[in-house]
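# A closer look at the structure
These are the residues of each chain, in order.
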Amino acid sequence: MAERSAFSGGDQEYLRNVQYADGTKLDARAHLHLTYSSSSESFPQFEAGLIDWPTDGTVLECGSGTGLFWNNGQAPRSLAITLTDLSPGMVAEAVACAEANGFSAIDSDACDVQELPFEDATFDIVVANHMLYHVPDPDRAVAELARVMSDDGVLLAGTNGYGHMGELNDAIADVWGTAAEGLYEVFGIDTGEARLREQFSSVAWHAYDNDLLVTEPADAVAYGLSFPPGETATAAEQAAFARAIERRFVDGALRIRTRAGAFVCREPRGRF
Ligand SMILES: C[S@@+](CC[C@H](N)C(=O)[O-])C[C@H]1O[C@@H](n2cnc3c(N)ncnc32)[C@H](O)[C@@H]1O
C-alpha cells in the first residue's frame, strides 16, 4: 500500500483537530449529497432499511461525524445509542442531531475505533459509516467492532469505492494532478470485504445507487475544497478549481457518479 496521506489515516492529529474538529467541512460534502441526490431515499434511510431493528436494544456508532445516520425513520427512538468519534467536536454535534431526531437514551464518548472502551459483546448493533478509510490500522478497528458486538448482533459499515465522485475527482486532478482515491486502498468497496471476512463469517454487500445531478457549481466547488489538496488551496488554485468544475457543466447541470453502499456483517468469528 502507498504511504498514507493525512486524510487516509496518516495523521490522526490532523483528522481530530483540523479536518473533523467540527462538522463544517463534512457539512459541505453532506450538502452536495443531500441537495442533489437522484435517489428517492437518503443514505441513512437506505442503510437503516437493510436490517430489522429491535424495539429495545443497544447501538454503538463509531466515527459518528455529525450524527446524520440518526436522521432515518426506521431505527426505533426507544433504542439506547452510544455515539463515538475521534473528535470531541463531532461527538457533540452527533448527540445534538440524535436528540433533534427524537432519541433520548444517548451515551457518548470521544474515542478511537481502534481501542474501544467497551466490554466484549456489549452492543446489538454496531455502525461504522465512511470512517474505516481514515483509520491507521483498519484491521485492528474491524477486530474491535467485532469484539464489542453481541453474538447475534450486526455491523453496518458504509463505504465508497474507486470511481466514487469520479467527475469531481477529475476536476481536482485538473488542478492538483491527483485525487483522494487513496482512501479506498485503506477500506473501500473493493478492499473492505477481505478485512471484514477476517472477523465475521457473514458479510453481504449492498449497493446504494445514487448519481448526483448538481445544478449549482459553487456547491461542487465547496465540496472539493473541503479536504486535501483543495483544503489548503491558494486563491489562484481555488479559482482554477472553480473553472474546472464550471467547464464540466452541460445544459446547466453536472452529473456526478457515486459508488457507495454498505456491508452488513454478522457472526463474529471465534464465538460459535
Ligand atoms: C467521513 S466522516 C463520516 C461521519 C459519519 N459516519 C457519516 O457517515 O456521515 C468520518 C468520521 O470518522 C471520524 N474518525 C476518523 N478516524 C477515527 C478513528 N480512528 N476513530 C473514531 N473515529 C474516527 C472522524 O472524526 C469523522 O467524524
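Described in the following lines is the structure provided in the data block. (Residues numbered from 1 in each chain as written. Predicted model: local features only at pLDDT ≥ 70, side-chain atom pairs only at ≥ 80, totals over all residues. Heavy atoms only, no water.)

## Let's talk about the site of the ligand
Within the structure, the ligand sits among 18 residues, and Gly63, Asp85, Asp112, Val113 and Asn129 are positioned closest to it. The separation between a nitrogen atom of the ligand and a polar side-chain atom of Gln12 is 3.2 Å. Here a nitrogen atom of the ligand sits 2.7 Å away from a polar atom, N or O, in the main chain of Gly63. When the free accessible area of the ligand is taken as 590 Å², the share hidden by the protein chains comes to 95%. (Near = heavy atom within 4 Å. Polar contact = N/O pair within 3.5 Å; in protein donor to acceptor, adjacent residues only side chain to side chain. Areas by Shrake-Rupley, 256 points an atom, 1.4 Å probe, with all protein chains shown as cover.)

## As for the packing of helix α10 (residues 217-224) against helix α11 (residues 235-246)
At their nearest, the axes of α10 and α11 sit 9 Å apart, and the two run at 130 degrees to each other. Accordingly, the angle class assigned to the pair α10 and α11 is oblique. Crossing handedness for the pair α10 and α11: right-handed. Across the interface between the two elements, Pro217, Ala220, Val221 and Gly224 from α10 touch Phe241, Ala242, Ile245 and Glu246 from α11. (Axes fitted to C-alpha atoms, helices over the stretch in contact; angles between N-to-C directions. Helix = DSSP H or I, 4+ residues; strand = E, 2+ residues; numbered from the N terminus. Parallel < 35°, antiparallel > 145°, perpendicular 65-115°, else oblique. Left-handed = near helix turned anticlockwise from the far one by under 90°. Contact = heavy atoms within 4.5 Å.)

## Notes on α11
Taking 1.5 Å as the rise per residue, α11 with 12 residues should run 16 Å; its terminal C-alpha atoms sit 17 Å apart, in good agreement. Here α11 has its buried residues at Phe241, Ala242, Ala244 and Ile245. Along the long axis of α11, the arc covered by the buried residues comes to 160 degrees, so they all point the same way. Seen from the open side of α11, the exposed residues pointing more than 90 degrees away from its buried face are Ala235 and Ala236. Packed against the buried residues of α11 are α7 (166-176) and α10. (Expected span 1.5 Å × (residues − 1). Buried < 20%, exposed > 50% of the residue type's maximum accessible area, 1.4 Å probe, protein only. Arc of directions from axis to C-beta.)

## Section: the nonpolar core
If you look at the biggest cluster of nonpolar residues, it comprises 58 residues, and the most contacted ones within it are Leu32, Leu145, Leu155, Leu196, Phe200 and Val214. In contact with Leu32, other than residues within four places in its own chain, are Ser37, Met165, Leu212, Val214, Asp219, Ala220, Tyr223 and Ile256. Residues Trp53, Trp70, Val154 and Val264 belong to the second largest nonpolar core, which totals 20 residues. (Core = buried A, V, L, I, M, F, W, Y, C linked by side-chain atoms within 4.5 Å.)

## Overview of unusual backbone geometry
Following Pro228, the chain continues to Pro229 via a peptide bond in cis, the omega torsion being 0 degrees. Tracing the backbone through its elements, the reader meets Pro229 in the loop between α10 and α11. With phi around 50 degrees, Ala121 is a residue other than glycine that occupies positive phi space. Relative to the elements of secondary structure, Ala121 occurs in the loop between β3 (106-110) and β4 (123-128). Although it is not a glycine, Glu267 sits at a positive phi angle of roughly 55 degrees.

## Thoughts on the side chain of Ser87
Tracing the backbone through its elements, the reader meets Ser87 in the loop between β2 (80-85) and α5 (88-100). One polar contact links the side chain of Ser87 to the main-chain carbonyl oxygen of Tyr20, over a distance of 2.6 Å. When neighbours within four sequence positions are excluded, Ser87 is seen to be in contact with Arg16, Tyr20 and Ala21.

## Comments concerning the side chain of Glu167
Here Glu167 shows up in helix α7. Classification of Glu167 by relative accessible area gives buried; the value is 16%. Among the polar contacts listed, one links the side chain of Glu167 to the side chain of Arg257, at a separation of 2.7 Å. Those residues in contact with Glu167, other than ones at most four positions away along the chain, are Arg248, Leu254, Arg255, Ile256 and Arg257.

## Examining α5
Side chains three or four residues apart in an α-helix point the same way, a direct result of the helix having 3.6 residues per turn. With 13 residues, α5 extends 19 Å from end C-alpha to end C-alpha; this agrees with the ideal 18 Å at 1.5 Å per step. Elements that come into contact with the buried residues of α5 comprise α3 (24-36), β2 and β3. Just beyond α5, the residue with positive phi is Gly102, at close to 95 degrees.

## Regarding the packing of aromatic side chains
Taken as a whole, this structure holds 14 aromatic pairs when the rule is applied. An angle of 50 degrees between the planes, with centres 5.7 Å apart, marks the rings of Trp176 and Phe241 as tilted. Of this pair, Trp176 sits in helix α7 while Phe241 sits in helix α11, and the two are 65 residues apart along the sequence. By relative accessible area, Phe241 is classed as buried at 0%. Pairwise contacts between aromatic rings join Trp53, Phe69, Trp70 and Phe103 into one cluster. (Phe/Tyr/Trp six-rings, centres within 6.5 Å; stacked < 30°, edge-to-face > 60°.)

No statement about biological role is implied by the geometric values presented.
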